[in-house]
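The primary structure of each chain is shown beneath.
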Amino acid sequence: MLDAPQMKGHDYLPTLVTACGLTLLLTLESWLPAAGNRRRRLRHAARNMTLWLLNALALALLAAPAIANVARWAEESRFGLLNLLSLPPPIATVTAILLFDGWLYLLHRANHKVGFLWRFHRVHHSDPEMDATTALRFHTGEVLISSALRLAVIPLLGIAPWQLLVYESLMMPVIMFHHSNVSFPEKVDRWLRALIASPAIHRVHHSRARVETDSNYSIIFSFWDRIGGTFRLRNHGRPVDFGLAEYDGEEWQRVRGLLTTPF
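Residues numbered from 1 in each chain as written. Predicted model: local features only at pLDDT ≥ 70, side-chain atom pairs only at ≥ 80, totals over all residues. Heavy atoms only, no water.

**A look at the overall build of the protein**
Heads up, the condition is: The helix and strand labels rest on DSSP assignments: H or I over at least four residues marks a helix, E over at least two residues marks a strand, and numbering proceeds from the N terminus. The reference for a compact globule is 2.2 Å times residues^0.38; the radius of gyration itself is calculated from the C-alpha atoms. Pairs of residues are marked as contacts when any of their non-hydrogen atoms sit within 4.5 Å.
Per the secondary structure count, the protein includes 13 helices and zero strands. Helices and strands appear in the protein in the N-to-C order α-α-α-α-α-α-α-α-α-α-α-α-α. Relative to the 2.2 N^0.38 estimate, which gives 18 Å for 263 residues, the radius of gyration of the protein is 18 Å and therefore close to what a compact globule would have. Across its three principal axes, the protein shows a C-alpha extent of roughly 55 × 40 × 35 Å. The long-range share in the protein, meaning contacts at least 24 apart out of those at least 6 apart in sequence, stands at 75%.

**Some remarks on the packing of aromatic side chains**
Given two aromatic rings, their pairing is described by the distance between the two centres and the angle made by the two planes. How we decide: Any Phe, Tyr or Trp ring, taking Trp's six-membered ring, that has another such ring centre within 6.5 Å forms a pair; planes under 30 degrees apart are called stacked, those over 60 apart edge-to-face, and the others tilted. Three exposure classes are used, based on accessible area relative to the maximum for each residue type with a 1.4 Å probe and protein chains only: buried under 20%, partly exposed in between, and exposed over 50%. The rule is short: NZ of Lys or CZ of Arg within 6 Å of the ring centre and within 35 degrees of the ring normal puts a charge over the ring.
Following the criterion strictly, the structure yields nine aromatic pairs and no others. Ring geometry for tryptophan 73 and phenylalanine 79: centres 5.2 Å apart, planes at 45°, overall tilted. A residue is classified by how much of its surface remains accessible, and phenylalanine 79, at 38% relative accessible area, is partly exposed. Aromatic side chains phenylalanine 221 and phenylalanine 223 sit 5.4 Å apart centroid to centroid with 10° between the ring planes, which places their arrangement in the stacked category. On the accessibility criterion, phenylalanine 221 (15% relative accessible area) is buried. Taking the relative accessible area as the measure of exposure, phenylalanine 223 reaches 26% and is therefore partly exposed. Three or more aromatic residues link up through ring pairs in this structure, and these residues are Phe116, Phe120 and Phe263. If you follow arginine 210 out to its NZ or CZ, it ends over the ring of tryptophan 118, 4.9 Å from the centre. Sitting over the ring of phenylalanine 231, arginine 226 keeps its end group 4.2 Å from the ring centre.

**What about helix α2 (residues 41-77)?**
Three- or four-residue spacings in an α-helix give side chains the same orientation, since the helix completes a turn every 3.6 residues. Filter applied, for reference: Given a residue, its bend is the angle between the two axes fitted to the seven residues that end at it and to the seven that start from it.
Along α2, the helix axis deviates most sharply at alanine 60, where the bend reaches about 50°. Looking one or two residues beyond α2, the residue adopting positive phi is arginine 78, at roughly 55°.

**Comments concerning the packing of helix α4 (residues 89-113) against helix α5 (residues 115-125)**
Angle between the axes and distance between the axes: these two values describe a pair of packed helices. Quick reminder of the rule: Comment: axis = line fitted to C-alpha atoms, over the contacting stretch for helices; angle = value between 0 and 180 degrees taken between N-to-C directions. Throughout this description, any angle smaller than 35 degrees is read as roughly parallel, any larger than 145 degrees as roughly antiparallel, any in the 65 to 115 degree range as roughly perpendicular, and the remainder as oblique. Polarity classes work like this: nonpolar for Ala, Val, Leu, Ile, Met, Phe, Trp, Tyr, Cys and Pro, charged for Asp, Glu, Lys and Arg, and polar for all others, with Gly in that last group.
Closest axis-to-axis distance for the α4/α5 pair is 6 Å, and the angle between their directions is 100°. In terms of their interaxial angle, α4 and α5 are classed as roughly perpendicular. Where α4 approaches α5, its residues His108, Ala110, Asn111, His112 and Lys113 are matched on the opposing element by Gly115, Leu117, Trp118, His121 and His125. Looking at side-chain class alone, the contact of α4 with α5 contains three nonpolar, six polar and one charged residues.

**Observations regarding the environment of serine 169**
Tracing the chain through its elements places serine 169 in helix α7 (residues 161-179). Serine 169 sits in the buried class, given a relative accessible area of 12%. Sequence separation between serine 169 and leucine 16 is 153 residues, and the spatial gap between their C-alpha atoms is 8.9 Å. Discounting residues that sit within four places of it in the chain, serine 169 has contacts with Leu13, Pro14 and Val17.

**Considering the nonpolar core**
This is how the line gets drawn: In this description, a nonpolar core means a group of buried Ala, Val, Leu, Ile, Met, Phe, Trp, Tyr and Cys residues linked to one another through side-chain atoms lying within 4.5 Å.
Counting 33 residues, the largest nonpolar core has Phe100, Leu104, Ile159, Tyr167 and Met171 as the members making the most contacts within it. Every element with two or more residues in this core is listed here: α1 (13-31), α2, α4, α6 (140-157) and α7. Those residues in contact with methionine 171, other than ones at most four positions away along the chain, are Leu104, Ile219 and Ile220.

**Thoughts on the environment of leucine 84**
By the secondary structure assignment, leucine 84 is in helix α3 (residues 81-85). Considered as a pair, leucine 84 and leucine 157 are 73 residues apart in the sequence and their alpha carbons are 9.5 Å apart.

**Comments concerning the confidence of the model for the protein**
Selection criterion: On a range of 0 to 100, pLDDT expresses the predictor's confidence in each residue.
The predicted model of the protein has a mean per-residue pLDDT of 91, with 95% of residues at 70 or higher. Below pLDDT 50 for its whole length, residues 1-7 participates in 11 contacts with residues either more than four positions away or in separate chains.

**Digging into unusual backbone geometry**
The phi dihedral of serine 86 is positive, around 50°, even though this residue is not glycine. At asparagine 216, a position not held by glycine, the phi torsion is positive, near 55°. For asparagine 216, the position within the fold is in the loop between α10 (210-213) and α11 (223-228). The class for asparagine 216 is buried, based on a relative accessible area of 0%.

If you want it as structure tokens, here you go:
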């Protein structure tokens, strides 16, 4: 039987990175907003962050111990693709990051194409005023489903616990960045999106137009969308209209509404 993992100081690194990144981006959103005249920003942020805290509690109690145990077992048993390849540690780490990011790209596509998964994922897309806190706005059901799938994917790929920690510490700043309501010059965004999912890319993904919503699924690296044929940019320069029309009502934007949206 696998023992319950002991929480170590570095295990809190993704949470620390998230807190620091969120603080920086919220400050930049006040100074350099891409879309101004945002009313009731504090209420909007409080609702999204309440959902994040509920998810963090669910993960800590239900999912994180199991995921840590499975990753540790795969590492100790030399199980999974990366362990079979026996790559040098630096190359193995880069490969692990790429493989896991590719898996999350496929999962994100599935969240849009599979009706049951979309029920939960639409909580994220129903935000009519996208900003850095939208990166934290996921239904607990989606978080737990994703965590359950990780229990199979992590050992199959042979991803070690510390490699997963590195990936999550990279992922959180990137997803908060590309959800942020910060104005970046087009030249800067063009340079960034050559490698990572930039704000210009991800804002299209949060459009109300379904043809745009069903594009730009990349989590960290933007080349997955180019490989998968799902890359899309806007050329007309008009701002993106965020949200889902059927969930614009105030009752769906409250925490209770966010929790009941899938049902």
